[in-house]
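Residues per chain, in single letters:
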Amino acid sequence: MRETFPESQRRVQRRRSGLGLAFLLAALQMVQPTFFCRAQENKIVHPADPQILGALRQVSAERIQQTIDKLVSFGTRSTLSAQDEDSIKAGKGIGAAREWIKSEFERYSKDCGGCLEVKTDSFLEPPANRIPKPTQITNIYAVLRGTDPKQADRIVLVTGHYDSRNSDNANITDPAPGANDDGSGTAVSLECARVLSKLKFPATIIFLTVAGEEQGLNGSKHFAEMAKQQGWKIEAILNNDIVGGDRSPQQDPTVVRVFSEGLPNASTEADMRRIRTLGLESDSPSRELARYVAEVWRTYPGSVKPAPVFRLDRFLRGGDHYSFNLQGFAAVRFTEFREDYNHQHQNVRTENGIEYGDLPKFVNFDYVGEVARLNAATLAMLASSPGAPARVRMLTKELENDTHLTWEASSGATGYEVLWRATTSPDWEHVQTVGTTSATLKVSKDNVIFAVRAIDGAGHRSLPMVPEPER
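A brief report on the enclosed structure follows. (Residues numbered from 1 in each chain as written. Predicted model: local features only at pLDDT ≥ 70, side-chain atom pairs only at ≥ 80, totals over all residues. Heavy atoms only, no water.)

What about helix α5 (residues 94-111)?
- Compared with an ideal rise of 1.5 Å per residue, which puts 18 residues at 26 Å, α5 spans 26 Å between its outermost C-alpha atoms and is within 8% of the ideal.
- Those residues of α5 not exposed but buried are Ile94, Gly95, Ala96, Ala97, Arg98, Trp100, Ile101, Glu104, Phe105, Tyr108 and Ser109.
- For α5, the secondary structure elements touched by its buried residues are α3 (61-72), α4 (85-90), β4 (116-125), β5 (135-144), α6 (183-196) and β7 (204-210).
- Directly after α5, the chain includes Gly113, whose backbone phi takes a positive value near 70°. (Helix = DSSP H or I, 4+ residues; strand = E, 2+ residues; numbered from the N terminus. Expected span 1.5 Å × (residues − 1). Buried < 20%, exposed > 50% of the residue type's maximum accessible area, 1.4 Å probe, protein only. Contact = heavy atoms within 4.5 Å.)

Structure follows, in structure tokens:
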């Protein structure tokens, strides 16, 4: 059965204007209570989950500092550095870092009664441009299995790379502290594992750390290909790379950039034609994930706000999320607002009064803690939500101004929301609650972008799905 909602029952969120309080009260009287959620600067905001709030309070900047200091203590974490038993025992090189990260995941698992499955993804990378000889690369990850048999195959993932480098990528002996790049991202993955492993979620969360990023995204490439080949249903990847909030005068410690691809890198020519025809150049799964991160922050606000950047990555640069994008997964990258290149990919030294090197002294640990909270909140919301609606369709058999939408039911859903926004708007602006798997809205499909998402009884919301036309 299709539900039809007249104009007076649509929930429309507007910016405050000169019309004043009287207009706002009149508008609210036209809205059914079950459709209401709070508006903030024309944004969609939802009530917070007390369980998630409790977990976020456990995120510790002090623990993050301890993690980054420990990673720096290995001297260098170059992918090409030592992995032999003697070096591991001496606590030097990437092999020692690998074993320590693994032991941290195992410690978290012990604290939660064995709730984490700690695994490694190890492979031999053949010689290449930045790899002079066959090199073992190992990714370490922990799996928090979902508790709902119908949803446990849904996966959300957070990652950071634990390898580092100095001025010369082939230099495997001089210090390469990598406190910010990417000890900070590794610390985010570990801290998310520590605080979220104490909770239960319907869907599965993977906490990942990869190596080989500085050599050419080798670790993430191998992991993403493995996930694709094995048919993993990864719905979202949060990549954290350079999220240390470098303490430079030009830094904005209140902002973290969230990069997302527009046209999906995994698109075929047919996909590209469809995207252009429908005007969905800014509605890739990764871009919807970036919008979701921004919406999560409005529900669980902190002192560091996500700033979506509608670009794959920083200009002409890349990161591990790209490996997942190539396999068709939705993935975004978190990066501090302004990088200081004196503190990235540099030998530790002082020249002309300028300090070089990626040292802990330049990391803002409170900032990393806020980024970790944002990641943890996003992971928890996604893993708590029902699966996104499947086969979302916009019926286009007739030429008409009304818009008819249908979709398949989602496991765990108690309702759905139809979202829409102006084609020029970066964020969803309007939302309509729906009790069935279809809806008719008196809004012209010509002028807006639509999407549908699932909701459960506690208000957790899935990623939105943009409809395909059906004649």
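Side note on the pattern of salt bridges
- For the coordinates displayed, the defined rule picks out 29 salt bridges.
- Put simply, Glu235 and Arg154 hold a salt bridge, and the shortest N to O gap is 2.7 Å. Taken as a pair, Glu235 in strand β8 (residues 233-240) and Arg154 in strand β6 (residues 154-161) lie far apart in primary sequence, 81 residues in all.
- Given the relative accessible area of 23%, Glu235 is considered partly exposed.
- Accessibility expressed as a relative area gives 8% for Arg154, which makes it buried.
- The salt bridge involving Glu339 is made with Arg257; its shortest N-O contact spans 3.4 Å. Here Glu339 is found in the loop between β11 (331-336) and β12 (349-351), whereas its partner Arg257 is found in strand β9 (residues 255-260), with 82 residues between them in sequence.
- In the salt-bridge network here, residues are joined through shared partners; they are Asp241, Arg257, Asp313, Arg314, Arg317, Arg333 and Glu339. (Salt bridge = Lys/Arg side-chain N within 4 Å of Asp/Glu carboxyl O.)

Notes on the sheet that holds β11
- An order of β4-β5-β7-β6-β8-β11-β9-β10 is seen for the 8 strands of this open sheet, with the pairing classed as mixed. Only two strands of the sheet have a single partner each, and these edge strands are β4 and β10 (305-309). Each strand of the sheet is rotated relative to its neighbour by a mean of 25°, with strand direction disregarded.
- Judged from the 6 bridges that link them, β6 and β8 form a sheet pairing that is parallel. The partner of Arg154 across the bridge, within β8, is Lys233.
- Across the sheet, α5 is in contact with β4, β5 and β7; its angle to β5 comes to roughly 10°.
- Packed onto the sheet, helix α8 (residues 218-229) meets β4, β5, β6, β7 and β8 and runs at close to 115° relative to β4. (Pairing = 2+ DSSP bridges. Axes fitted to C-alpha atoms, helices over the stretch in contact; angles between N-to-C directions.)

Considerations on helix α10 (residues 285-299)
- Across its 15 residues, α10 extends 21 Å between first and last C-alpha, which sits within 8% of the 21 Å expected from 1.5 Å per residue.
- Across the 15 residues of α10, 14 count as buried, placing the element largely inside the fold.

Brief notes about the nonpolar core
- Within the largest apolar cluster, 72 residues are counted, with the highest numbers of intra-cluster contacts made by Phe105, Leu196, Ile205, Phe207, Phe334 and Leu379.
- No other element matches helix α12 (residues 365-384), which puts 13 residues into this core.
- Among residues more than four places away in sequence, those in contact with Ile205 are Ala142, Val143, Leu144, Val156, Leu196, Leu379 and Ala383. (Core = buried A, V, L, I, M, F, W, Y, C linked by side-chain atoms within 4.5 Å.)

Quick look at the sheet that holds strand β16 (residues 415-422)
- Spatial ordering of the open sheet is given by β17-β16-β19, a layout of 3 strands whose pairing is antiparallel. Either end of the sheet is taken by a strand with one partner, and the two such strands are β17 (430-434) and β19 (448-455). Shown here is a sheet whose adjacent strand axes are inclined to one another by a mean of 20°, direction ignored.
- In terms of strand pairing, β16 meets β17 through 5 bridges, oriented antiparallel. Note that in β17 the partner of Leu419 across the bridge is Val431.

Quick look at the packing of aromatic side chains
- Tallied over the entire structure, the rule returns 6 aromatic pairs.
- Members of the aromatic cluster, joined through ring pairs, are Tyr141, Phe223, Trp232, Phe324 and Phe329.
- For Arg349, the ring lying beneath its charged end belongs to Tyr356, and the centroid distance is 4.1 Å.
- Residue placement shows Arg421 over the ring face of Trp428; its charged tip is 4.6 Å from the ring centre. (Phe/Tyr/Trp six-rings, centres within 6.5 Å; stacked < 30°, edge-to-face > 60°. Lys NZ or Arg CZ within 6 Å of the ring centre and 35° of its normal.)

Here's the deal with the packing of α3 against α5
- For the pair α3 and α5, interaxial distance at closest approach is 11 Å and the crossing angle is 150°. Between α3 and α5, the crossing angle belongs to the class labelled roughly antiparallel. Facing α3, whose interface residues are Arg63, Thr67, Lys70 and Leu71, α5 presents Trp100, Ile101 and Arg107.
- In terms of residue class, the contact of α3 with α5 is built from 3 nonpolar, 1 polar and 3 charged. (Parallel < 35°, antiparallel > 145°, perpendicular 65-115°, else oblique. Nonpolar A, V, L, I, M, F, W, Y, C, P; charged D, E, K, R; others polar.)

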